[in-house]
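Secondary and tertiary structure notes
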Amino acid sequence: MSDHLIIIGAGMATGRAIEDLRSAGSDIKITLFNAEPRGNYNRIMLSPVLAGDKTYEEIVTHDDAWYAEHDVTCRFGEKVDAIDREAKTITAANGDVLSYDKLMFGTGSNPFMIPLPGHDLDGVIAYRDLEDTQKMMDLGPDNKCVVIGGGLLGLEAAAGMAARGVDVTVIHIMGHLMERQLDEAAGYLLRKALVDKGITVKCSANSKEILGENGKVRALLLDDGTELPCDLLVMAVGIRPNVKLAQDAGLAVGKGIHVDDQMVTSDPDILAVGECVEHNGAIFGLVAPLYDQAKVAAKTLLGEDATFVQKELSTKLKVTGCDLFSAGDFAEGEGREDIVFRDPARGVYRRLVIENNVIVGAVMYGDTADSNWFFGLIKDKTDIADMRETVIFGPAFQGGAAVDPLSAVAALPRDAEICGCNGICKGEIEDAIAAGSTDLVGIKATTKASASCGTCTGLVEQVLAVTLGDDFVIPAAATVCGCTDMTHEDVRRMIKSQKLTSMNAVWQECGWKTVDGCPTCRPALNFYLLADWPLEYKDDPQSRFINERKHANIQKDGTFSVVPRMWGGITTPDELRAIADAADKYMVPTVKVTGGQRIDLLGVKGEDLPGIWKDLNDAGMVSGYAYSKGLRTVKTCVGTDHCRFGTQDSTGLGIKLEKTLHGAWTPHKLKLGVSGCPRNCAEATCKDIGVICVDSGYQISIGGAAGMDVKETELLVQVPTEDEAILVIKAVSQLYREQAKYLDRIYKWMAKVGLDWIKEQIVDDLDNRAALVDRFELSQTIYRHDPWAEHVKKAETYQPLANLSLEAAE
Amino acid sequence: MTQWIDVAPLDDVPARGARMLKTAHGCVAVFRTADDEVFALDNTCPHKQGPLAEGIVHGKSVTCPLHNWVFSLETGMAQGQDVGQVATYPARVDAGRILIDAAQLTGRAVAAE
Ligand SMILES: Cc1cc2nc3c(=O)[nH]c(=O)nc-3n(C[C@H](O)[C@H](O)[C@H](O)COP(=O)(O)OP(=O)(O)OC[C@H]3O[C@@H](n4cnc5c(N)ncnc54)[C@H](O)[C@@H]3O)c2cc1C
Ligand code: SF4
Ligand code: SF4
Ligand code: FES
């Protein structure tokens, strides 16, 4: 009589092992147990079943007839409960005891359930088997579902349900989707595609509690207090090898069941294959390596030599319209280089990671037709030195074309707004070109595009170039930096008109040529995004220069200066005492009065910053933003309070202005001055915005400077009341924030757009003035705060990461 | 001989950021890129001693906060027109922790004395 092989689990790995055994002619007696009440089906095709692209019957890989024909005794719907390795028997759920000669584990893995309060409510499921899939399919249209987990499984579940009309929200704890397989750029494109399918995606979101009603799930509560109502909650946050039975049987188990290169466990008569195993410290979650394991296990049972070797893996997502591919290792390791290719026109992103002329990793989005070719280069470790310049374009392009710098504008839809002032879309410009306006002057005359502030000129020229081809030559304009072919103005228009709300969105849609920008473009983009999308975009400290990142001015010896705000230049004896105490305590070498009527404590050590801030905070003082591209100071004279010439309360207005404007980020520094009469003791007429008080009201002038250039302000408007003066100043600050190029002060911006245009926006058009004020206030709800107090809370980040002095000295 | 020592959790250094490490022989900057690679370099810019840990990290480079010299995080070489180099030390991430080769740091001590 032949030996008896008992197999625990009828999954994808053991299914393949049985096939391999039988096709090699083995007549070993096989008994197959499976906890699921069915035989082997293609688990990975559950997603197409969920999406309605396939039926369950179509994904069954082994049906009853197959098992009969291949002489496999099936015990489906029956678990194996225990193993007695001494007696070489197993105990089935119904108590049957069967003896084996060889035993094979293929118990797969268990979905991990985050032990949130409420995780055991009815309607909280994982995504692993047909039962789970059925529950999702039973959810009718217009029901709500929350999926926790933005990895492969979670997104396939979300897309499948969305295709059935379910209202789906994906909650992901990391900053971008599928972070294990994709970099941020590809994660951005994926998210965009899912949002287009009507799925709500929330990244960097932490789940706190699952709320229920009568034992059934009702909503998911996030730790920011948001409640997301749902009829079903799917947790797809990862898997854990199913090792309980093996552990109880005393087999060597780590993360998974330990196996050697022959797939044999610590017991020579017991093998294991699939997701339940751990081989050389690795565990598995994709089928490709499991099939290799099955082959090796079958050979081992047949007494033949075979060795399991781990190989490079690649991932694709089975969601229609989300064409992505990732393979190999695109992080960690020295000596690596990136090649990036972005084609905004086709929504394509490709990135190769290269080490010693060999591709070690690849991420692709949008066009994955060449992915097998790239995967081949990775697996074969092909030397790509000869095709390095063009490899990114794929096999067809070897020796081929370069990227078209106009592709971003070519990709814009006809309804993309090009000229913000006059609301002119790309389509109208195209029509005007078709009607015979073939240069900028013609377009300005016929459509008014770029005829107002002029910042969209670059984009209009690009539309001309795209439409007219070689007949139009774009005048050379300075690009933001080497990372892009666009100018600052182009990028700002793109951010507004295409609603680009993240750094990755800008990099992709404007065709950035680097992975993550450079020190020239990153601070500019960070400002543009936060100025245009105060609610959607989150300020990125890593894209700021050190002064703004640490809220202090770095000095030439690496120490910092600390300047507390003194509203309108007014201080008190108590504040002065606190400043003096702080200067003593932190041994500040220099205390200086600044040109903006503040006190500067120079030479503070980086590590001491949180300490000195805390002391000054405790005395009621906040950061003076003396380091910022933002509101610096409002210099005032004493005005009517003390001066015999004063016409208005210039100090009071200065304080009000500073209190309302502080915290606002601007393209460059913003300095104000308020003088109580035309004698102008506060030097208001060489500030970015100056106010001269007169008997009949307030003269507001802009565009002064006293730096590398010296400029006198020009009159914007005279208004009768203090309230109106404040409104005008808020509006002009906002217009400057929305329109100017990063690092242009008001006078430079004014030279480009013209004072008349600014007057039209703020003086003539009162609705527009009010709208600008509203947008300014909206932004200030987020940015008008004291950074010192916040940074004091994370004081540890100002200390050295570690002190190795002792270790190194040994 | 390499002697990896655990200095801190990876999360203590922001992505596209850096933190400074004190050693008996000077400060070492630990950088983390967007892809969670880590690099360790002397913190001192060869130009005018700018603190590199305070620079902007982009790709696998850092730009000095004082006068914008750019250094490769991999080789420590100044890029472009500028000439200079800072010492680099082996660093890696393992199980979410940053490891630095202390043998190298000690090696420098011997060489310096
Ligand atoms: C929805 C979904 C989509 C996927 N998509 C992909 C993809 O696109 N590409 C890819 O490569 N991989 C994909 N995977 C992963 C892939 O399906 C798994 O890697 C593979 O199925 C694992 O095979 P296995 O044989 O190890 O385990 P399984 O296929 O899980 O089989 C294990 C079986 O053992 C049974 N069992 C457990 N304990 C016992 C016991 N004590 N007694 C009896 N029976 C027991 C279980 O009921 C189960 O039926 C996907 C997975 C899911 C859930
Ligand atoms: S500006 Fe006029 S009001 Fe102000 S201090 Fe000078 S003289 Fe007096
Ligand atoms: S004027 Fe020049 S030297 Fe003086 S503080 Fe300003 S930048 Fe420094
Ligand atoms: S000190 Fe680093 S660039 Fe000058």
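Definitions and cut-offs
Residues numbered from 1 in each chain as written. Chains lettered and ligands numbered in written order. Predicted model: local features only at pLDDT ≥ 70, side-chain atom pairs only at ≥ 80, totals over all residues. Heavy atoms only, no water. Near = heavy atom within 4 Å. Nonpolar A, V, L, I, M, F, W, Y, C, P; charged D, E, K, R; others polar. Axes fitted to C-alpha atoms, helices over the stretch in contact; angles between N-to-C directions. Helix = DSSP H or I, 4+ residues; strand = E, 2+ residues; numbered from the N terminus. Parallel < 35°, antiparallel > 145°, perpendicular 65-115°, else oblique. Contact = heavy atoms within 4.5 Å. Buried area = accessible area lost by both parts, 1.4 Å probe. Salt bridge = Lys/Arg side-chain N within 4 Å of Asp/Glu carboxyl O. Polar contact = N/O pair within 3.5 Å; in protein donor to acceptor, adjacent residues only side chain to side chain. Pairing = 2+ DSSP bridges. Expected span 1.5 Å × (residues − 1). Buried < 20%, exposed > 50% of the residue type's maximum accessible area, 1.4 Å probe, protein only. Arc of directions from axis to C-beta. Patch = residues over 30% accessible without salt bridge, like charges linked within 9 Å, V, L, I, M, F, W, Y side chains within 5 Å. Areas by Shrake-Rupley, 256 points an atom, 1.4 Å probe, with all protein chains shown as cover.

**Quick look at the site of ligand 2**
Taken together, C637(A), C643(A), F645(A), G646(A), S675(A), G676(A), C677(A), R679(A), N680(A) and C681(A) make up the full set of residues adjacent to ligand 2. Of the residues assigned to the shell around ligand 2, the class counts are 5 nonpolar, 4 polar and 1 charged.

**Re the packing of helix α22 (residues 722-739) of chain A against helix α25 (residues 766-783) of chain A**
Residues and elements named next belong to chain A. Running from amino to carboxyl end, α22 crosses α25 at an angle of 75°, the nearest separation of the two axes being 8 Å. Judged by the angle between their axes, α22 and α25 are roughly perpendicular. Residue-level inspection shows E724, L727, V728, K730, A731, S733, Q734, L735, R737 and E738 of α22 in contact with α25, the latter providing R769, L772, V773, R775, F776, E777 and S779. For the contact of α22 with α25, the per-class residue count stands at 7 nonpolar, 3 polar and 7 charged.

**Overview of unusual backbone geometry**
What you tend to see is this: most non-glycine residues have negative phi, and most peptide bonds are trans. Residue and element names in this part refer to chain A. Positive phi is not limited to glycine here, since D142 has a value of about 75°. By the secondary structure assignment, D142 is in the loop between α5 (130-137) and β10 (144-148). A positive phi angle, near 65°, is found at N357, a position not held by glycine. With respect to the helices, strands and loops of the structure, N357 is situated in the loop between β24 (348-355) and β25 (358-365).

**So, the interface of chain A and chain B**
The interface is formed by 45 residues belonging to chain A together with 41 residues belonging to chain B. Both sides of the chain A and chain B interface together cover about 3,300 Å² of buried area, and 53% of this is carbon and sulfur. On the surface where chain A and chain B come into contact, there are 5 salt bridges. A salt bridge links K22(B) to E607(A); the nearest nitrogen and oxygen atoms lie 3.4 Å apart. On the surface where chain A and chain B come into contact, there are 16 residue pairs in polar contact (both at pLDDT 80 or more). Counting residues per element, the ones that place at least two in the side of chain A that touches chain B are β23 (336-343), α17 (521-532), α18 (546-549), β39 (802-803) and α27 (805-809) of chain A.

**Thoughts on the sheet that holds strand β6 (residues 61-63) of chain B**
Residue and element names in this part refer to chain B. Spatial strand order, β5-β6-β7: 3 strands in an open sheet with antiparallel pairing. A strand with exactly one partner marks an edge of an open sheet, and here the two such strands are β5 (56-58) and β7 (70-72). In this sheet, adjacent strand axes meet at a mean angle of 25° when their direction is disregarded. Judged from the 3 bridges that link them, β5 and β6 form a sheet pairing that is antiparallel. Within the sheet, the bridge partner assigned to V57 lies in β6 and is V62.

**What about helix α19 (residues 573-585) of chain A?**
All names here are of chain A. In this model α19 runs 18 Å from its N-terminal to its C-terminal C-alpha over 13 residues, within 8% of the 18 Å that 1.5 Å per residue would give. Along α19, the positions that sit buried rather than exposed are E575, A578, I579, A582 and A583. Buried residues of α19, viewed axially, fall in a sector of 135°; they line one side. Opposite the buried face of α19, at more than 90 degrees from it, the exposed residues are P573, D574, D584 and K585. The inward-facing, buried residues of α19 abut β30 (590-593), β31 (599-604) and α20 (609-618). With its phi angle positive at about 50°, M587 sits one or two positions after the end of α19.

**Examining a nonpolar patch on the surface**
A cluster of nonpolar side chains, L535(A), L778(A) and I782(A), forms an exposed patch at the surface whose accessible area comes to about 250 Å². As for its placement among the helices and strands, L778(A) is situated in helix α25.

**Structural notes on the sheet that holds strand β16 (residues 232-235) of chain A**
All names here are of chain A. Sheet architecture is open: 5 strands sit in the order β9-β16-β10-β11-β12, paired in parallel fashion. Only two strands of the sheet have a single partner each, and these edge strands are β9 (124-125) and β12 (200-202). In the sheet, strand β11 (residues 167-171) pairs with β12 via 3 bridges, with the strands oriented parallel. Across the sheet, I171 pairs through a bridge with K202, a residue of β12.

**Things to note about the environment of L616(A)**
All names here are of chain A. Counting through the fold element by element, L616 comes out in helix α20. Overall, the relative accessible area of 0% leaves L616 in the buried class. Separated by 53 residues in the primary sequence, L616 and V563 place their C-alpha atoms 9.9 Å from one another. Leaving out residues up to four positions away in the same chain, L616 has contacts with V562, P564, A578, I579, A582, L601, M621 and W788.

**Here's the deal with the environment of P51(B)**
Note that P51(B) resides in the loop between β4 (38-42) and β5. Sequence-distant contacts of P51(B), that is, excluding residues within four places in its chain, are made with I554(A), G558(A), N43(B), P65(B) and L66(B).

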